[in-house]
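Observations on chain architecture
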Amino acid sequence: MKMTVVEQVKQQLKDEIIQAVLKAGLATGEQIPDVVLETPKDKAHGDFATNMAMQLARIAKQAPRKIAEALVENFDKKKGHIREIEIAGPGFINFFLDNSYLTRLIPTILEEGDDYGQSTKGSGKKIQIEYVSANPTGSLHLGHARGAAVGDTLIRILRKAGYEASPEYYINDAGNQIGNLTTSLEARYFQALGIEKEMPEDGYQGQDIVKLGQQLAEKYGDEYVHKSDKERNQFLRNFGVEHLMAKIKKDLSDFGVHFDVWFSETSLYESGEITSVLEKLKERGHTYEQDGALWFASTKFGDDKDRVLIKSDGSYTYLTPDIAYHLNKFLRGFDQLINVWGADHHGYIPRMKAAMEALGYDPNRLEVQIIQLVNLFKDGEKVKMSKRTGKAVTLRELMEEVGTDAMRYFFAMRSSDSHLDFDIDLAVSRSNENPVFYVQYAHARICSMLKRAESYETASLEEVDLSLLTSEKEIDLLKKVGEFPEVIADSAEQLAIQRMTTYLFDLASTLHSFYNAEKVLDPENKELSRARVALMKAVKITLKNAMDLIGVNAPVSM
RNA sequence: GGCUCCGUAGCUCAGUGGAUAGAGCGUCGGUUUCCUAAACCGUGCGUCGCAGGUUCGAUUCCUGCCGGGGCCA
C-alpha cells in the first residue's frame, strides 16, 4: 500500500524509536509495546511525541524519565528527520522535526485531487449499512433525517478509508402497519368520493394519506369501490406503498442520500426465507411452543426474556422477518453489518444479536448505531413535535427552511449517541456563528484567490519553489492538510463521523488564520506567491474532499 | 421497576489511558488605504455529576450512587 508523506515520516520515526530501545538494551524485540506516536495538542510539545518511556517503565523496571534519557542518547537523529528531541513531563519524548518534508504533500495532493484522503486501511472489508428503513406509511421526519445523514456520511467515510460499504434500505412493506395504511387509505379514498367511511382507530391521520385518497378518486373514480375486498386491498396496498416510497426516495435523493439496495420485506415471504429461518432455529433447538405460540429462546443468548416468533393466531411478530432479513445479509457475504437505528429501537438490540448467535454467527458482526433524538429550536424555544396531530416536522420541511448543507453539517457535527439540539436560526444565519458558512467560506475564499492568481502561475509545479513555505501559518496548514487521511481512517474505525466535521472546522479555521496573517498574492514577491498558490490549491482540495464526505457543497463563491 | 444514552466553561458541545482538559457562542477589548470583515487577533471562563476500584498515570476503563432524556413493562 502507498503510504502518505506523513505516514512515511511517522513510520520512520517509529522504526528509529524501536532501534533506540534495542540499542539502549531496555527491552527485547518481543517485549516492546506498539509505538504510540501522537500529535501533541500543544505545539510547544513538538511535532510528535511518544510515551514509550512510560510504557517501558514496568518492563525495564526503571523510572520513566531515566528510560527516556537512555532512549534519547541512543536515538539516531539524522535518520528520523529530527531537529530536536526533548524529554518532558512524566517521561514524554517530544520530537521537533525538520518540517521540510511537509512541502512534499503539495504535489501529492494536487496529483490525487478528488482521491486525496483515499486509503486502503479497510482492505476491502465488506460492510453493509442499513439505515433509515422508515415504514412507507408517511413522510420522513427529523429522526429519519439524522439517521440518513449519519448513515450516508458513514458510507462515504468508510469507502474513502478503503472499505467496501453497501447502503441498504429495508422496506417494511408487509406487517401490521401496512395493513393499517391500506385501511386508512381505503377510508380516505371512499371519503374523497363522498362515501361515508370511518378511519381505523389508530389509522394514519396525515394529510399525505388524504391527498393520496383524492388522487385515487380522481384517477380511478369509484372503480375500486365495486371490486372485491381482496382485490381492492391488494390494489390500495400496492398503490400506497409505491407512492409513499416514491416520496421517501425523492426526499432522500434531494437530501443527497442514495441507496444501492431497497430490500422488500415482502420478498422474504415470497422467497420462503421466513419459513426457512424458522426451520433453522428449530433445528438448532432454540425454539419451543407454549400457549399456542412459537417462541425463540433468546434468553440463552443474553436477552432478558424469550420472544414470540409466531403468535397463537398464526401470524408472525415483526421480529421474525427481521431475523430472516439479517440472515439474508450474512448469506450475501458481508463481513460486518451496521444498523443505524432510532433511539426507540434500542431495546431491540439484544434479541437481534441473540438471533444472530442462535443462527451460528458471531453477534459482534452486527453493530447497531443508535441515533438519539433531535430537538428543534427556533427563536430560542423548543419546537414541539407531535406525531398524533400529523404535525411532526418533516425532513422535507426542514430542508426547505434551512437547506441541505446546514442539515447535513449539523447532523454530522455531533456524536450520534448524544441528543442533538438543532437551532434553526443558527442554521440559516449568514454569520460567523454558523459553522457551515464558516467552512464553506474558507473554500470560496480560496477559489476567489485562485481566480485572481492566473498571472502567478507557472507552466508546471516543478518550477515552483515550495521550500519557501516556512512561516508558522504555512507549516500549520501543511500539517493540517497532511492529517486528513488519518482522520478518515480514525473516524471510519470508530464510526465517529463527528471527527470529520471537527477536522473540517479546524482546517477552515487554520486557513482563515493564515489568510489574515499572510498575503498569498503579492506582486512584490512572485516566487513566494507561486508557492502559496500551490498551497492554496492543496488546501482547497482537502476542504472539498472533507465536505464531500459529509455531503456538504463546496461553493466557489459566496 | 428493567434497559439504554447523556452529565466537561455562563450556553452548545469536542476530547483514540497520558503533559497546564479544548473549540464555538456569549463577555470585554482590538484589527480593513491590502487577495471577500460570512474573517482575524487578544481576554477571562472548570470540584470533567459524586464515591470507590484497576493503573506508573483516569475526564477516558470497571462498579455503585445521584440527576436528566428516551424506550419497554
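Anything mentioned here points back to the structure above.
This is a predicted model, so every value here is computed, not measured.

**So, the overall build of chain A**
- When helices and strands are counted, chain A shows 19 helices and 15 strands.
- Referenced to the eigenvectors of the C-alpha coordinate spread, the extents of chain A come out at roughly 90 × 60 × 45 Å.
- Residue burial in chain A is summarised as follows: out of 558 residues, 51% are buried.
- Partitioning the contacts of chain A with sequence separation of at least 6, the portion at a separation of at least 24 is 72%.
- Here chain A has roughly 26,400 Å² of accessible surface; of this, 47% comes from carbon and sulfur atoms.
- Both charge centroids of chain A, one from 69 positive and one from 84 negative side chains, sit 2 Å from each other.

**Points about the pairing of strand S4 (residues 92-97)**
- With five of its six residues buried, S4 lies for the most part within the structure.
- Sheet topology note: the strand S2 (residues 48-50)/S4 ladder contains three bridges and is antiparallel. By the bridge assignment, Thr50 is partnered in S4 with Ile93.
- Where strand S3 (residues 82-88) meets S4, six bridges bridge the pair, whose relative direction is antiparallel. Across the sheet, residue Ile82 finds its bridge partner in S4, namely Leu97.
- The hairpin formed by S3 and S4 contains three residues between the paired strands, and Gly89 there has a positive phi angle of roughly 55 degrees.

**Thoughts on the packing of helix H8 (residues 229-254) against helix H13 (residues 395-402)**
- Closest axis-to-axis distance for the H8/H13 pair is 10 Å, and the angle between their directions is 30 degrees. Considering their axes alone, H8 and H13 lie roughly parallel with respect to each other. The element H8 and its partner H13 pack so that their crossing is left-handed. Contacts between H8 and H13 involve Lys250, Asp251 and Asp254 from the former and Leu395, Arg396 and Met399 from the latter.

**As for H13**
- All of the buried residues in H13 are Leu395, Leu398, Met399 and Val402. Angular distribution of buried residues about the axis of H13 spans 105 degrees; they occupy a single face of the element.
- Looking at the buried side of H13, the elements it contacts are helix H5 (142-160), H8, strand S13 (374-378), helix H14 (404-413), strand S15 (420-423) and helix H15 (424-428).

**A closer look at the sheet that holds S3**
- Overall, antiparallel pairing links the four strands, which are arranged S1-S2-S4-S3 in an open sheet. At either margin of the open sheet sits one strand with a lone partner, and together these are strand S1 (37-38) and S3.

**A short note on the nonpolar core**
- Core analysis: the largest hydrophobic core is formed by 141 residues, its most contacted members being Met407, Phe422, Met500 and Met536.
- Looking at this core, the element that brings in the most residues is helix H19 (residues 526-550), giving 13 residues.
- In contact with Met407, other than residues within four places in its own chain, are Ala145, Phe255, Leu395, Leu398, Met399, Val402 and Phe422.
- Counting residues in hydrophobic clusters, the runner-up holds 33 residues, among them Ala324, Ala355, Ala358 and Ile370.

**Structural notes on the side chain of Thr182**
- Note on placement: Thr182 falls in helix H6 (residues 175-192).
- Looking at Thr182, the relative accessible area reads 5%, which means it is buried.
- Within the structure, the side chain of Thr182 is placed 2.7 Å from the backbone oxygen of Ile178, a separation counted as a polar contact.
- Apart from residues lying up to four places away in sequence, Thr182 is in contact with Asn233, Leu236 and Arg237.

**A closer look at the protein's contact with RNA strand B**
- As a matter of local geometry, RNA strand B sits amid 45 residues, with Phe92, Asp417, Asn432, Tyr441 and Arg499 nearest to it.
- The sugar-phosphate portion of RNA strand B accounts for 65% of its atoms within 4 Å of the protein, the bases making up the rest.
- Arg499 places a side-chain nitrogen or oxygen 2.3 Å from a phosphate oxygen of RNA strand B.
- Contributions of two or more residues to the surface near RNA strand B are made by helix H2 (52-60), S4, helix H16 (435-452) and helix H18 (498-517).
- Residues that form the surface near RNA strand B fall into these classes: 16 nonpolar, 16 polar and 13 charged.

**Overview of the packing of aromatic side chains**
- Across all of its chains, the model carries 24 aromatic pairs by this definition.
- Here Phe296 and Phe301 contribute two aromatic rings whose centre-to-centre distance is 6.5 Å and whose plane-to-plane angle is 25 degrees, an arrangement assigned as stacked. Grouping residues by exposure puts Phe296 and Phe301 together as buried.
- Taken together, the aromatic side chains of Tyr131, Tyr169, Phe259 and Trp262 make up a single cluster linked through ring pairs.
- Positioned above the aromatic ring of Phe190, the side-chain terminus of Lys197 is 4.8 Å from the ring centre.
- Directly above the ring of Trp262 sits Lys249, whose terminal nitrogen or CZ lies 4.6 Å from the centroid.

**Some details on the environment of His226**
- Here His226 lies in the loop between helix H7 (207-220) and H8.
- Taking relative accessible area as the criterion, His226 reaches 63% and is therefore assigned exposed.
- A C-alpha to C-alpha distance of 80 Å links His226 and Leu466, two positions 240 residues apart in sequence.

**Examining unusual backbone geometry**
- Phi at Val132 takes a positive value of approximately 65 degrees, unusual for a residue other than glycine.
- As for its placement among the helices and strands, Val132 is situated in the loop between strand S5 (126-130) and H5.
- Judged by its relative accessible area of 13%, Val132 falls in the buried class.

**Notes on the sheet that holds S13**
- Within the open sheet, the three strands sit side by side as S14-S13-S15. Their pairing is mixed. Single-partner strands in this sheet number two, and they are strand S14 (381-382) and S15.
- Bridge analysis of S13 against S15 gives four bridges, and the strand direction is parallel. Following the sheet pairing, Val374 is matched in S15 by Leu420.

Cut-offs used in this document
- Residues numbered from 1 in each chain as written.
- Chains lettered and ligands numbered in written order.
- Predicted model: local features only at pLDDT ≥ 70, side-chain atom pairs only at ≥ 80, totals over all residues.
- Heavy atoms only, no water.
- Helix = DSSP H or I, 4+ residues; strand = E, 2+ residues; numbered from the N terminus.
- Buried < 20%, exposed > 50% of the residue type's maximum accessible area, 1.4 Å probe, protein only.
- Contact = heavy atoms within 4.5 Å.
- Areas by Shrake-Rupley, 256 points an atom, 1.4 Å probe, with all protein chains shown as cover.
- Lys, Arg positive; Asp, Glu negative; His and termini not counted.
- Charge placed at Lys NZ, Arg CZ, Asp CG, Glu CD.
- Pairing = 2+ DSSP bridges.
- Axes fitted to C-alpha atoms, helices over the stretch in contact; angles between N-to-C directions.
- Parallel < 35°, antiparallel > 145°, perpendicular 65-115°, else oblique.
- Left-handed = near helix turned anticlockwise from the far one by under 90°.
- Arc of directions from axis to C-beta.
- Core = buried A, V, L, I, M, F, W, Y, C linked by side-chain atoms within 4.5 Å.
- Polar contact = N/O pair within 3.5 Å; in protein donor to acceptor, adjacent residues only side chain to side chain.
- Near = heavy atom within 4 Å.
- Nonpolar A, V, L, I, M, F, W, Y, C, P; charged D, E, K, R; others polar.
- Phe/Tyr/Trp six-rings, centres within 6.5 Å; stacked < 30°, edge-to-face > 60°.
- Lys NZ or Arg CZ within 6 Å of the ring centre and 35° of its normal.

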